[in-house]
Amino acid sequence: MSHVIVQKQIEDVVLAQQNALKQLQEASFLLKDDTVPKVEYDFLKSQYDSVKVQYDQTVKKLREEETLHEGTKTKLKDVCDKLVFAEGEIEILRKQLEREKVQFQKTFGALKTQATKVSSKKEELENKFTVIEKEKVKQDGALQSKEEEISKLNKKLQEQKHLHKKTVSELNIQQQQQRYIQTVLGGGDETKNKKKYP
């Protein structure tokens with residue numbers, strides 16, 4: 001789309017340039033006969049230069065657009081090639097899915113037949129499950145009782161540890177007090193001896 005817009009711009013610029021060239025040629029011809037002032041000639045010349053610059057810029061832009069367009073065409077071709085490849089892959093997968101569907105139907109039919117054969121054992125299995133479930137409930141009750149007993153013993157053990165720790169602490173305090181008393185009493189005797197024997 002941008003390529004078309006740029007091309008239209010170039011056509012407009014070329015047309016304007018042709019008009020400017022025509023006016024410039026007429027002005028040059030009349031200038032020879034001294035019928036057109038030089039000021040007007042210079043004005044037309046500046047218009048021509050301006051149009052030429054615009055024309056050169058537009059042509060450059062067109063070349064860039066053409067390069068970009070070629071790149072887009074290459075990318076589009078790559079995308080089309082990938083699309084064709086993907087369509088081939090999809091067709092392969094579709095056929096594979098059809099084969100798997102047929103195989104699934106065969107397998108499902110075989111399993112259905114097998115399920116019909118073992119349906120007679122369902123009641124027996126349910127009865128065995130009921131017996132096992134009752135035994136499990138019984139064992140869960142016994143396990144719960146043992147856990148409660150263990151919890152009580154653990155609590156009692158913690159109490160015994162706390163009492164033992166308290167007893168040891170009290171004994172340590174008592175020993176420290178006894179050592180202190182002995183130290184004080186021993187120091188008093190030495191003081192008396194010093195006073196008795198100066």
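Residues numbered from 1 in each chain as written. Predicted model: local features only at pLDDT ≥ 70, side-chain atom pairs only at ≥ 80, totals over all residues. Heavy atoms only, no water.

A few points about the overall build of the protein chain
Okay, step 1: When helices and strands are tallied, the protein chain shows three helices and zero strands.
Okay, step 2: If you list the helices and strands of the protein chain from N to C, you get α-α-α.
Okay, step 3: Sorting the 198 residues of the protein chain into buried and exposed places 8% on the buried side.
Okay, step 4: Intrachain contacts of the protein chain at a sequence separation of at least 6 include 68% that bridge at least 24 residues.
Okay, step 5: When the accessible surface of the protein chain is summed, it comes to about 18000 Å², and 59% of that surface belongs to carbon and sulfur atoms. (Helix = DSSP H or I, 4+ residues; strand = E, 2+ residues; numbered from the N terminus. Buried < 20%, exposed > 50% of the residue type's maximum accessible area, 1.4 Å probe, protein only. Contact = heavy atoms within 4.5 Å. Areas by Shrake-Rupley, 256 points an atom, 1.4 Å probe, with all protein chains shown as cover.)

Considerations on the confidence of the model for the protein chain
Okay, step 1: Confidence in the prediction for the protein chain averages 77 pLDDT; 75% of positions are at 70 or higher.
Okay, step 2: Of all secondary-structure elements in the protein chain, the lowest mean pLDDT belongs to helix 1 (residues 2-32), at 63, while helix 2 (residues 38-118) reaches the highest, 82.
Okay, step 3: Here residues 194-198 is a poorly scored stretch, pLDDT under 50, and it has zero contacts once near neighbours within four places are set aside; other chains count. (pLDDT = per-residue confidence, 0-100.)

Comments concerning the pattern of salt bridges
Okay, step 1: Under the criterion given, the structure shown has four salt bridges.
Okay, step 2: Across the pair Arg 94 and Glu 91 runs a salt bridge whose closest N-O atoms are separated by 2.6 Å. Linking Arg 94 with Glu 91, this pair stays in helix 2, spanning three residues, or about one helical turn.
Okay, step 3: Relative accessible area serves as the criterion here: at 43%, Arg 94 is assigned to the partly exposed category.
Okay, step 4: Classification of Glu 91 as partly exposed rests on a relative accessible area of 33%. (Salt bridge = Lys/Arg side-chain N within 4 Å of Asp/Glu carboxyl O.)

Quick look at the packing of aromatic side chains
Okay, step 1: Counted by the stated rule, this structure contains one aromatic pair.
Okay, step 2: Ring geometry for Phe 104 against Phe 108: centres 6.1 Å apart, planes inclined by 25°, an arrangement best described as stacked. In this pair, Phe 104 and Phe 108 both sit in helix 2, four residues apart, roughly one turn of the helix.
Okay, step 3: For Phe 104, a relative accessible area of 56% corresponds to the exposed category. (Phe/Tyr/Trp six-rings, centres within 6.5 Å; stacked < 30°, edge-to-face > 60°.)

Let's talk about a nonpolar patch on the surface
Okay, step 1: Among the surface-exposed residues, Tyr 180, Ile 181, Val 184 and Leu 185 lie close enough to one another that they form a single nonpolar patch of about 440 Å² accessible area.
Okay, step 2: The class of Ile 181 is partly exposed, set by a relative accessible area of 48%. (Patch = residues over 30% accessible without salt bridge, like charges linked within 9 Å, V, L, I, M, F, W, Y side chains within 5 Å.)

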